[in-house]
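# Architecture and fold: a report
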Amino acid sequence: MSERFDCLTHMYRCFVLGSRPSLSPGNVAGVVCVGGASPGEDRARVPAEERVHGNSVDVTCIRLSLVEMMTCLASPRQPEPAAKLTQYCVDTLTLLLQDMDLMTQLVHHFQSEDQIVSHLAAKCASTCVVYQLLKSGTVSPVWQQKCAQAFLSSPPAAELNTCLWSLTDVLKRLLKAAHQEILGKLVALFDSSLSALFSKFLHEDQQLLMDSTSSRPWGTTFCLLLDLLEALTASSYISGAEGVLENQRLAHIHSSALLTVISCSSEYFVKKRALLLLKRVILQKAGEDWASEDVLSAGQRHDCFNSDMNMLAQTVLAAVAADWLQSVQVGSVSFFGGTRHNRGDDGQKPDCVMLRGVSLLLLKSVELQTKTAGRTAEQDRSTEVYGYLQSLLGFLRRCSVQLTEVTHLCCWVSLLFGEQDDDMMEAAKSLLSIFLHHRLCSGLEELAELDAACSSGCNPHCHFLLLLRSVSFDHSTLLDFLISSETCFLEYFVRYLKYLKADWQGFTAACERDTESHCHVSLQESLTRLCGGDKPALTFKVQPEQDESIACVQPTCVFPPVEGVSLCSGLRLVEYDSSDESGPDSMEISEDAPGASIKQRRGGPPPSTRQKHYEPCDSSGYLSVPTSTQERRPEGLSPQSLQSRQRSHTLSGQGTCETLVRVVACLSELREVVTRLQTKKLFPYNPSSLLKILAGVEICSQQSPPSQFNK
C-alpha cells in the first residue's frame, strides 16, 4: 500500500474521532486533491504506482468523502472544543479550492461512468459550493458553468443527472438554513438556463412527450427534474414580495405539461412523482420533506402567487372537463421490492397514494375556483362545481372496488383518507369550503342543499360524524389534532363548528340517520350471537334501482367503521366503543394481528373490538341478513320474529339519538380539557375563540330538541 493511501486512512480516522491530523494542511491538500500534489511539488515526480493507485475508484471515493467531511467540520457552528480542528479544515479547504483548483476536478467526475463516483463528486461539489456561498457570498464559476452548460445542451445522461442533483442539493441546503438572500442570488444565475431546460422536457403535446420519453434514461432524468422543480417552488416561498423569478414559478407555468405527463408517461413512477409534485404545489407544501414548516411559511408570498395558484387550479379543472381523469391510470399498491401480485386479481388493491393525490389536486382546485368566484358566481357555476365532484367519484369508482360498494357517497372521504390524517383534514376543509360556496350560490333550501351535498359526497355533517366515529368519539384524539401542527385540523374544526351552529337541524338529522344505521349493524351482531354462528359478512352496495337522492334520505350503512373497509393495509383506526370509561393512558394498540386491537394496560380483560365486513343491502335499503345466518337461526325463532325484532330495534333509535348525545359529550369534554390546559398555561396557543365556539355548540344542543328523522 502506498504512502498516500496510508495518509488518507490516517486522516479519515482523525476526522471521525474529531482530532487534528499530524500532517500539515498543505500536505493534506496534496494527498486529498485527486491526482494532485502538494503545493510546489512537481506532479510528474509522483511515483507511477501511486498515480495508478490514486486513480482507482476506491481511493477516489475516499478522497471525495474526506473533502465532504472537512467541509462539514469547517462550519462555524462547530462546538468550541473543535475550534482547532475547524481552523485546520478551513486552511486545508482554502488551499484546495483556491490554489489547487479542486472544483475543476470534482465537476470532471460528473460524467464518470461509475455512478458512485459521480454521485460522491456531486455531493462533494454541493457542500463546497454551499461552503463558499456562506463564507464569501460567491458561487464557484467552474461549477456554475458546468451546470448551465449541461442544462442548455446535454441529453438525458449521467452528466445532466449529476448536475441536476447537485443544484437541487445546494438549494435544499440553503432552504433548510433559510438563507433568503444567498438563495435568490443563486437562483438568478440559472434563470435562463433552467427555463430553457424545462421547456425542452415538459411538452404539452402528447405525441412529443411520448417521443421524448421513449429512451430509458429519461425516467431518471425526469424525476431529478421534478425534484429540482419542487426545490425552486419552495424557494419562492421565502423569496419575498418582489424577488420571485420565472424559474421559481415553473411548476405553475408548466402545470398543463405535468398533467400530460401524469396521463401519458410510459413510466408509472414518473406519473406518480409528477402527481405528488402538483399535489404539494397546490397544497403550498413544496419542500416540506426537507425544510421546516416555520421556514417555508415565514416568508411573504410574492406578488404573482395568487395568480399562479389560480392558473394552476384553472388548468386542472380544464383538464378534468376534457376527460383527463379517464386517461389517468392507477396501478396496484406498491411494496418494497416492487408491486406484489397475489393469486388472481381479487386481492390486488389500488395505489391509494395516486387516488389521494388526484382527489386532493381536484378538490383544492375547485376550492380555489370557489374562492376566486366569491359571491359573483351564479347557479350555473355552483352546478359546475358539483359536476367536478361527480367526475371525481366516477374516477374513484373506476379505480377502486371498495368505493363501488358504498351506498352513501359521503363515506368516500374516510375510506380513502382514513389512514392519512393530514390529507384527510385537507380534503375535509376543501369539501367544507366547496359546500359553503354551493350553499351560498345555489338558492336551494337547507334540507334540499344537504341532500344535493350527499349525492355528491360533500355533506360536511356526514364528514364530521365519520371523523368522530372513526376515533370512537374520543375527545383526547381531537385534542391531539388541535395541538399538532401536522394537519390543518384547527382551521377546519373552527370553520365547521361555526356552520354547525347555523345549521343545527341538519346536524341532528345526520346524527339520527347515523344512529339508525348503527342500530342495524348492532342488530346483525346480536342475531349472530343468538344463532351461535360466526359474524355475518355485511357489505355496502349501491342498488341499481335506487336514485342517488334516495340514498341520501335512506342512508343505511351510512357510516361504516373505518376498520375492515379501509383501502390500505397495515395499522388501521379501530373503535374504542367498549373502552369509553377508560382514559387514553390505559390503552395501547397491538399490531400482532392484521387488524389492530386494543388492550388494557392496567389489568382487566381486553375490550373486544369488532371487525365488520359488509354484504349487500336489500331492496328497502337496510342491511340484509346473509342466507347462511338465516339457515342457522335457533329453533323457535321464525324469520318473521327476527324481522320484528329488527324493526323494533331500528325504531327505538329514533326516540333517543345516541350519536347526537355522544357528539355533544365529546365536544363538551374537549372544551373542559382545553379550558383546564389554558388555565394552567399549558396550551400552545390562545384557544379563547375556539372555547367560545364550543360553548355555543353546547348551548345549541340544550336549546334545540332533536329533529324528527325524515320529517
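For the rest of this paragraph, the subject is the overall build of the protein chain. When helices and strands are tallied, the protein chain shows 34 helices and 4 strands. Here the protein chain holds 711 residues, and the buried ones make up 54% of them. Sequence separation of 24 or more characterises 75% of the internal contacts of the protein chain that already satisfy a separation of 6 or more. Summed over all atoms, the accessible surface of the protein chain reaches about 32200 Å², with 50% contributed by carbon and sulfur.

The next point concerns unusual backbone geometry. A positive phi angle is found at D101, which is not glycine, with a value near 55 degrees. Phi at D323 takes a positive value of approximately 65 degrees, unusual for a residue other than glycine. Along the polypeptide, D323 turns up in the loop between helix 18 (305–321) and helix 19 (324–327).

The next point concerns the packing of aromatic side chains. This model, assessed by the stated rule, comprises 13 aromatic pairs. Three or more aromatic residues joined by ring pairs form one cluster here, namely F464, F481, F489, Y492, F493 and Y496.

On to the packing of helix 7 (residues 115–136) against helix 9 (residues 158–176), then. Direction vectors running N to C along helix 7 and helix 9 enclose 40 degrees, while the axes themselves pass 9 Å from each other. If you check the angle between helix 7 and helix 9, you find them oblique. Crossing angle aside, the handedness with which helix 7 passes helix 9 is right-handed. Across the interface between the two elements, S118, H119, A122, K123, S126, T127, V129, V130, L133 and L134 of helix 7 pack against T162, W165, S166, D169, V170, R173 and L174 of helix 9. Here the residues of the contact of helix 7 with helix 9 sort into 8 nonpolar, 6 polar and 3 charged.

Looking now at the packing of helix 24 (residues 421–442) against helix 26 (residues 460–470). Look at helix 24 against helix 26: their axes get within 10 Å of each other, and the N-to-C directions meet at 160 degrees. By the angle between their directions, the pair helix 24 and helix 26 is classed as roughly antiparallel. Crossing handedness for the pair helix 24 and helix 26: left-handed. Along the contact surface, helix 24 presents M424, M425, L431, L432 and F435, while helix 26 presents P460, H463 and L467.

Buried within helix 10 (residues 180–189) are the following residues: I182, L183, L186 and V187. For helix 10, the angular spread of the buried residues around the axis is 130 degrees, confining them to a single face.

Glancing now at the pattern of salt bridges. Inspection of the entire model under this criterion finds 17 salt bridges. Residue D308 is joined to R249 by a salt bridge in which the shortest nitrogen-to-oxygen separation is 2.8 Å. Residue D308 is found in helix 18, and its partner R249 is found in the loop between helix 13 (217–237) and helix 14 (250–253); the two are separated by 59 residues along the sequence. Here E446 makes a salt bridge to R439, at a shortest N to O gap of 3.1 Å. Relative accessible area serves as the criterion here: at 28%, E446 is assigned to the partly exposed category. One network of salt bridges, with partners in common, ties together K285, K364, E367, K371 and E426.

Let us now look at helix 26. Within helix 26, 11 of the 11 residues are buried, which leaves the element mostly enclosed by the surrounding structure. Within helix 26, the full set of buried residues consists of P460, H461, C462, H463, F464, L465, L466, L467, L468, R469 and S470. For helix 26, the capping residue at the N-terminal end is N459, with a side-chain oxygen 3.0 Å from the backbone nitrogen of H461. Phi for S472, located one or two positions after helix 26, is positive at around 55 degrees.

The next thing to look at is the environment of F305. Looking at the element boundaries, F305 is found in helix 18. Note on F305: relative accessible area 6%, which makes it buried. Each residue touching F305, except ones within four places of it in the same chain, is listed here: Y237 and Q284.

This part covers the nonpolar core. W143 and W412 are the most contacted members of the largest nonpolar core, which has 189 residues in total. Top contributing element to this core by residue count: helix 13, with 12 residues. When residues no more than four places from it in sequence are discounted, the contact partners of W143 are M103, V107, F110, A125, V129, S166, L167, V170, L186 and F190.

Next up on the list: the environment of E384. With respect to the secondary-structure elements, E384 resides in helix 21 (residues 379–399). By relative accessible area, which is 31% here, E384 ends up partly exposed.

This brings us to the environment of Q132. Residue placement: Q132 occurs in helix 7. Taking the C-alpha atoms as reference points, Q132 and L93, 39 residues apart in sequence, are found 9.9 Å from one another. Other than its neighbours up to four places away in sequence, Q132 contacts L97, M103, G137, T138 and S140.

The next thing to look at is the state of the cysteines. By the definition in use, this model includes 0 disulfides. Free of any disulfide, C410 has its nearest neighbouring cysteine sulfur in C462, separated by 3.9 Å. For C410, a relative accessible area of 0% puts it in the buried group.

Attention shifts here to the confidence of the model for the protein chain. Per-residue pLDDT for the protein chain averages 76, and the proportion of residues at 70 or more is 69%. Residue range residues 36–54 is modelled with pLDDT below 50. Its contacts to residues more than four positions away, or to other chains, number 30 contacts. Counted against residues more than four places away or in other chains, residues 520–655, with its pLDDT under 50, gives 240 contacts.

What counts, and at which threshold
- Residues numbered from 1 in each chain as written.
- Predicted model: local features only at pLDDT ≥ 70, side-chain atom pairs only at ≥ 80, totals over all residues.
- Heavy atoms only, no water.
- Helix = DSSP H or I, 4+ residues; strand = E, 2+ residues; numbered from the N terminus.
- Buried < 20%, exposed > 50% of the residue type's maximum accessible area, 1.4 Å probe, protein only.
- Contact = heavy atoms within 4.5 Å.
- Areas by Shrake-Rupley, 256 points an atom, 1.4 Å probe, with all protein chains shown as cover.
- Phe/Tyr/Trp six-rings, centres within 6.5 Å; stacked < 30°, edge-to-face > 60°.
- Axes fitted to C-alpha atoms, helices over the stretch in contact; angles between N-to-C directions.
- Parallel < 35°, antiparallel > 145°, perpendicular 65-115°, else oblique.
- Left-handed = near helix turned anticlockwise from the far one by under 90°.
- Nonpolar A, V, L, I, M, F, W, Y, C, P; charged D, E, K, R; others polar.
- Arc of directions from axis to C-beta.
- Salt bridge = Lys/Arg side-chain N within 4 Å of Asp/Glu carboxyl O.
- Polar contact = N/O pair within 3.5 Å; in protein donor to acceptor, adjacent residues only side chain to side chain.
- Core = buried A, V, L, I, M, F, W, Y, C linked by side-chain atoms within 4.5 Å.
- Disulfide = S-S within 2.5 Å.
- pLDDT = per-residue confidence, 0-100.

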